[in-house]
Amino acid sequence: MGLLALGTPLNWPEAKKNADHVRQWGIEQLLAIWERAKGKERDALRWGDEIEYLVVAFDEEHRKVRLSLRQADILKALAEDVSLSKQGGCVPDLQVVKSSGDPVPVFHPEFGRFMLESTPGKPWGIGFKDLLDVEPNMKWRRIVAKEHMESNEYPITLTTFPRLGTRDDFITPYYPPSGERQRSQFLPDEITNPHIRFPTLAANIRSRRGRKVEINVPVFKDENTPVPFKDPTVDYDMHNWPEDDDVRNGAAKDNHIYMDAMAFGMGSCCLQITFQAKNITEGRRLYDQLSPLGPIMLALTAATPIYKGFLADTDVRWNQISRAVDDRTPEELGEAPLKHDRWRVPKSRYAPNSTYISQDPRLRKEYMDPDLVVDEDLKQQLTDGGMDALLATHFAHLFIRDPIVIFAEDLKALDLNKTDHFENLQSTNWQHIRFKPPPHDKDTGWRVEFRPMEIQITDFENAAFSIFIVLITRAILSFDLNFYIPIPLTTANMETAHARNAVLDQKFHFRNDPLPPRPIKPNGASGATTPAYLPSRPPTPTGPVEAEHSLMTIDEIINGQSGEGFPGLIPLVESYLNSVNVDVETRCELARYLDLIRKRASGQLWTGAKWIRHFVRSHHAYKGDSVVSEGVNYDLIMAVEDITKNEGKNRVGEEMLRSGWAARPKGSACG
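Just so it is clear, the structure is predicted and the values come from calculations on it, not from any experiment.

Brief notes about the nonpolar core
By size, the foremost hydrophobic cluster in this structure holds 186 residues, and its most contacted members are L290, F468, I558, L569 and W611. Among the elements that make up this core, the one with the highest residue count is helix 16 (residues 459-479) (14 residues). The residue makeup of this core includes at least three contributed by each of domain 1 (171-266) and domain 2 (469-516 + 543-662). One finds Y367, I485, I487 and L489 within the second-largest nonpolar core, a separate group that totals 8 residues.

Below, the structure written as structure tokens:
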């Protein structure tokens, strides 16, 4: 999250009046970016990761753990640290940060006052040695954050706090639920970052929608779970706000955990990776080829089996965030005939991608989303401005949304040297892959953001998944890999990824043959050896698209099928590593990370979701009724902090982590 602008925000009725104004200025700024940057070239890959933390406070005397709302105090302490300031500073929202030498990590505020975001002090480069610095840097960030917290506070990397929204004092300091902005039964407005953008975002989403957001997660039905399960935390007799009628009108579904506020989604943590491409062509190619990988990585990183103090029958966070920011009206949802709105909109503004954008001859029209909604007038304006139809379609689709937060000061004059109006809409389209044009005032290129992965408990795991995605991008570009499948299948795969234990129990649509039709040498390879998988297969048939893909397990996608089947992402990465100069020590260290991915996919190692669910169900105080009590939650978070420090070496969490510290893989040069 970048520097947060200040200003006078418009409430929704006023923002709605100015929505077309902002949209039009956003298009004009986009065309200015296009004209400036369409020919921009960069020499090398740069990339960065974003780690988000929950800040928890332990009360050992009462065996309670709460979310700490001290985000602002922690950031202030970091900014005022003299030693960190001498090294360039680390909180750009509070100080001028200067990058020099080996810069210190950077910290940002997030939506929840109980959250922190961290990034490396400078982008990572293309070198393999940089990959080996990722895990130590992540550990350093956590240490720096912890050093500026109270003694009983800890930065943990769980996707969600298991008891967020329960009827007890799950936050410190305590505030009672409700508030004018979110109007939640379960959460106070004070849980949200007080910067005016965040409460305005929550209030205007609710106002535009015409009711509170509605999040229903299937409850995990254990042996003593009531049937039907009726969320016992819901108050049907509350009359504080007009939206309290929502639950009386059926918002809370039987056999589901019900939540009603943006903070239940945007209070989630994740692991995001942003790549800078050498030019727009490479960026568009990465955007397309990474898109089908999103659901696979979502399932492989599954880490979210608890909501609001109940075990859920899902393992990942994505749909919950999607519903938490879903501002669609009844007309846009198809619940009422179109009268005031222009379109029926199939997806939330937080959703899987609906476009491909690469000018790749392998991109067939059959791969496109048949339900794509596009503002044809804006598309025409973009094409008239020189943008090709494919990319114009992408942005004209994003711009069917309304800008949610508008500052009055920004409406006074259009500045084509800024990107504020464009980013107003771009940044609130939270797709699983995001294509990011260069900002005007920075030496930055075209970027692609990979957003679906769940945050992991340890820095080793987060480094492993980050490095794996980086190596995948290198294999894609070096071997000219083709992962295209029809967009609706990627959307379906995202749904499949939510299933409990999807990593082992579900199958996903995936392309049968990613290899190009003729032998090629990896781009820029030096001292290359023969890849394990030579790209020498016959051309992709021009026949039925259905013949190009099939249902595969995560294990088959990651580790490969036998015989002439799908080669596997890890074998493709290893073929890439074989084709370039990597010293033995570096290769051995990379093998540790790939081994984690390999074994998560095969089931030899557990996902975080499986381990958390098993911990709860095995706890002596768990009653088999799907309830995660305060005592169970305390022991769970204590165990998470133990795993963060020891990474399973003391047996706690070893089911997830053995490859992180076990002996080198047999048969390797690392033994």
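Additional details are given in the paragraphs that follow.
Quick look at the packing of aromatic side chains
Within this structure, the stated rule accounts for 20 aromatic pairs. Arranged with centres 6.3 Å apart and planes meeting at 40°, the rings of F128 and Y576 form a pair that is tilted. Linking F128 in helix 5 (residues 128-147) with Y576 in helix 20 (residues 569-578), this pair joins segments that are 448 residues apart in sequence. Looking at F128, the relative accessible area reads 17%, which means it is buried. Residue classification places Y576 among the buried residues on the basis of a relative accessible area of 9%. Note on Y356 and Y484: the rings are 4.9 Å apart at their centroids and 80° apart in plane angle, and the pair reads as edge-to-face. Placement of Y356 in the loop between strand 12 (350-351) and helix 13 (376-384) and of Y484 in the loop between helix 16 and helix 17 (487-496) is noted, with a sequence separation of 128 residues between them. Classification of Y484 by relative accessible area gives buried; the value is 1%.

Some points on the packing of helix 16 against helix 21 (residues 584-602)
Two elements in contact, helix 16 and helix 21, have axes separated by 9 Å at closest approach and are oriented at 95°. By the angle between their axes, helix 16 is roughly perpendicular relative to helix 21. Contacts between helix 16 and helix 21 pair F460, E461, A463, A464, F465, I467, F468 and L471 from the former with L590, R592, Y593, L594, L596, I597 and R600 from the latter. Along the lines of polarity and charge, the residues of the contact of helix 16 with helix 21 split into 12 nonpolar, no polar and 3 charged.

Digging into the environment of V448
Inspection of the secondary structure puts V448 in strand 15 (residues 447-450). Residue V448 is classed as buried on the basis of its relative accessible area of 1%. Between the C-alpha atom of V448 and that of Q185, which follows or precedes it by 263 residues, the distance is 38 Å.

About the thresholds
- Residues numbered from 1 in each chain as written.
- Predicted model: local features only at pLDDT ≥ 70, side-chain atom pairs only at ≥ 80, totals over all residues.
- Heavy atoms only, no water.
- Core = buried A, V, L, I, M, F, W, Y, C linked by side-chain atoms within 4.5 Å.
- Buried < 20%, exposed > 50% of the residue type's maximum accessible area, 1.4 Å probe, protein only.
- Helix = DSSP H or I, 4+ residues; strand = E, 2+ residues; numbered from the N terminus.
- Domains from an automatic or database assignment.
- Phe/Tyr/Trp six-rings, centres within 6.5 Å; stacked < 30°, edge-to-face > 60°.
- Axes fitted to C-alpha atoms, helices over the stretch in contact; angles between N-to-C directions.
- Parallel < 35°, antiparallel > 145°, perpendicular 65-115°, else oblique.
- Contact = heavy atoms within 4.5 Å.
- Nonpolar A, V, L, I, M, F, W, Y, C, P; charged D, E, K, R; others polar.

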